[in-house]
Amino acid sequence: MTTDTTTPAAPTPGAAPTTPVLEATGVTMRFGGLTAVDNVALTVNSGEIVGLIGPNGAGKTTFFNCLTGLYIPTEGTVSYKGTVLPHRSHLVTQAGIARTFQNIRLFPNMTVLENVLVGRHTRTKEGLFSALIRGPRFKKAERESEARAMELLEFTGLAAKRDHLARNLPYGEQRKLEIARALASDPGLLLLDEPTAGMNPQETMATQELVFAVRDQGIAVLVIEHDMRFIFNLCDRVAVLVQGKKLVEGTPSVVQSDERVVAAYLGTPYEDAPGAEEAAEVAAAEAHAGHTPTTAADTPPADTDTPGTGTTGTTDGAGTKGEEQA
Ligand SMILES: Nc1ncnc2c1ncn2[C@@H]1O[C@H](COP(=O)(O)OP(=O)(O)OP(=O)(O)O)[C@@H](O)[C@H]1O
Ligand SMILES: [Mg+2]
């Protein structure tokens with residue numbers, strides 16, 4: 001069951017009109033018998049920060065992989081600014097979509113600056129020949145790339161570490177470096193897969209500010225996160241994936257108060273949920289046997305700190321998966 005509870009925001013007088021940047025329709029991804037993403041539609045408009053949440057294994061990363069050409073979806077189409085995207089990740093980057101990964105992917109033995117320069121290669125025209133002879137045109141392009149990379153390091157607060165090896169950066173800074181590298185391709189849409197995983201509350205707050213700053217530069221953002229406080233503070237709209245299907249979409253306040261979302265996270269069946277009848281029978285049998293059935297009241301509310309995770313307000317009780325399928 002999918003309910004789109006999105007209420008279009010009233011246009012602000014004088015504000016730039018919002019246009020769709022990303023339009024995904026009917027995206028389905030099957031792995032053998034498993035439907036990891038099931039007929040998902042999602043739009044991200046210019047100027048928006050949209051959140052994608054859902055329990056572990058809900059299909060969030062798989063959906064990102066379908067958007068970015070890493071996977072060829074079994075069904076559905078993905079358009080960027082009105083043009084259907086090819087199923088090739090470098091062409092998707094060239095079109096204007098950049099991403100970071102759930103499991104950090106940097107070149108650990110390259111410097112911070114070099115990592116960002118790698119992210120710029122889709123925007124540089126100089127070919128191999130020009131690079132080999134290192135003529136004046138190549139040198140000019142190289143200087144320009146370096147200047148842009150340094151701007152991005154300033155923007156993400158990493159300029160002082162430009163010559164450090166990526167592997168020597170603390171974890172939070174490695175995540176920032178991934179964002180800087182993604183921005184180096186001059187995207188119109190940035191996809192972030194769990195950008196605050198493993199961060200402390202201060203780092204999470206700094207990341208929130210960074211994402212707002214990215215949006216203020218005219219880049220739309222689609223972000224996956226388990227930290228609900230982060231998501232609900234940050235996003236204009238939130239979509240919830242459960243077992244590959246989009247369950248609810250709406251403003252943070254609509255999504256937070258939807259009983260199906262609470263149920264999806266806490267495992268409590270809502271009225272008419274698939275399997276609700278069976279769960280009620282189990283609860284009745286347990287009560288009869290003298291067990292106390294688990295209720296939502298036994299589980300901390302969604303925005304409560306989970307001790308030991310190092311993040312704030314996470315509902316990711318099971319923790320995030322160590323492995324990503326890309
Ligand atoms: N390449 C693949 N082959 C087979 N199954 C896959 C593959 N990639 C993902 N899956 C399965 O698809 C489902 C969705 O996985 P996905 O990683 O997209 O979830 P997720 O919502 O990102 O979860 P998490 O919050 O833990 O990161 C899981 O059951 C996963 O095992
Ligand atoms: Mg994931």
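What counts and how
- Residues numbered from 1 in each chain as written.
- Chains lettered and ligands numbered in written order.
- Predicted model: local features only at pLDDT ≥ 70, side-chain atom pairs only at ≥ 80, totals over all residues.
- Helix = DSSP H or I, 4+ residues; strand = E, 2+ residues; numbered from the N terminus.
- Buried ≥ 20, exposed ≤ 12 C-beta atoms within 10 Å, placed from the backbone.
- Pairing = 2+ DSSP bridges.
- Expected span 1.5 Å × (residues − 1).
- Contact = placed C-beta atoms within 7 Å.
- Core = buried A, V, L, I, M, F, W, Y, C linked by C-beta atoms within 7 Å.
- Domains from an automatic or database assignment.
- Axes fitted to C-alpha atoms, helices over the stretch in contact; angles between N-to-C directions.
- Left-handed = near helix turned anticlockwise from the far one by under 90°.
- Nonpolar A, V, L, I, M, F, W, Y, C, P; charged D, E, K, R; others polar.
- Arc of directions from axis to C-beta.

The name recorded for the chain in an unreviewed UniProt entry is ABC transporter ATP-binding protein, from Streptomyces xinghaiensis.

The next thing to look at is the overall build of the chain. Along the backbone of the chain there are eleven helices and eleven strands. Sorting the 326 residues of the chain into buried and exposed places 38% on the buried side.

Further remarks concern unusual backbone geometry. Within the chain, Lys-81 stands out as a residue other than glycine whose phi angle is a positive 50°. Among the secondary structure elements, Lys-81 is positioned in the loop between β5 (75-80) and β6 (83-84). For Lys-81, a count of 16 C-beta atoms within 10 Å gives the class partly exposed. Phi at Gln-243 is positive, roughly 50°, even though this residue is not glycine.

Right, let's get into the sheet that holds β6. The four strands lie next to each other as β3-β2-β5-β6, forming an open sheet whose pairing is antiparallel. Of all strands in the sheet, those bounded by a partner on one side alone are β3 (34-45) and β6. Two elements, strand β2 (residues 20-31) and β3, share eight bridges in a ladder whose sense is antiparallel. Residue pairing for β3: Glu-23 is matched across the bridge by Thr-43.

Right, let's get into the environment of Leu-113. Mapped onto the secondary structure, Leu-113 falls in helix α3 (residues 112-119). On a C-alpha basis, the gap between Leu-113 and Leu-152 in space is 9.6 Å, while along the polypeptide they are 39 residues apart.

Pairing between β2 and β5: five bridges, direction antiparallel. Residue Leu-22 lies in a different strand from β5, and its bridge partner there is Tyr-80. As defined by bridge partners, β5 adjoins β6 across two bridges and the pair is classed as antiparallel. Residue pairing across strands places Ser-79 opposite Val-84, the latter belonging to β6.

As a further point, take helix α6 (residues 171-183). Taking 1.5 Å as the rise per residue, α6 with 13 residues should run 18 Å; its terminal C-alpha atoms sit 19 Å apart, in good agreement. Of all 13 residues that make up α6, ten are buried, and the element is covered over most of its length. Within the span of α6, buried status applies to Gln-174, Arg-175, Lys-176, Leu-177, Glu-178, Ile-179, Ala-180, Arg-181, Ala-182 and Leu-183.

With that settled, consider the environment of Thr-93. On the secondary structure map, Thr-93 appears in helix α2 (residues 89-95). We classify Thr-93 as buried; it has 21 C-beta atoms within 10 Å. Note: C-alpha distance between Thr-93 and Thr-122 (29 residues apart in sequence) is 7.4 Å. Contact partners of Thr-93, with chain neighbours within four places excluded, come to Ala-98, Thr-122 and Ser-185.

Now for the nonpolar core. Proteins that are soluble and globular tend to have nonpolar side chains buried together. Membership of the largest hydrophobic core comes to 71 residues, with the highest contact counts inside it found for Ala-180, Leu-189, Leu-190, Val-221, Leu-222 and Val-240. Shared between two domains, this core takes at least three residues from each, and those domains are domain 1 (1-7 + 16-96 + 187-326) and domain 2 (109-186). Those residues in contact with Val-221 that sit more than four places away from it in its chain are Ile-49, Leu-190, Leu-192, Val-211, Val-214 and Arg-215.

Two elements in contact, α3 and α6, have axes whose closest approach is 7 Å; the angle formed by their N-to-C orientations is 35°. α3 and α6 meet at a crossing whose hand is right-handed. Judged by residue contacts, Val-112, Asn-115, Val-116, Val-118 and Gly-119 of α3 engage Leu-177, Ala-180, Arg-181 and Ala-182 from α6. By residue class, the composition of the contact of α3 with α6 is six nonpolar, two polar and one charged.

Another point: the pairing of strand β10 (residues 237-242). Of all six residues making up β10, six are buried, and the element is well covered by its neighbours. Looking at chain direction, strand β4 (residues 49-53) and β10 are connected through four bridges and run parallel. Paired with Gly-51 across the bridge in β10 is Val-238. Adjacent in sequence and paired antiparallel, β10 and strand β11 (residues 245-250) are bridged by two residues, among which Gln-243 carries a positive phi angle near 50°.

Every buried residue of α3 is accounted for by Val-112, Leu-113, Asn-115, Val-116 and Gly-119. Down the axis, α3 shows its buried residues gathered within 160° of arc, on one side only.

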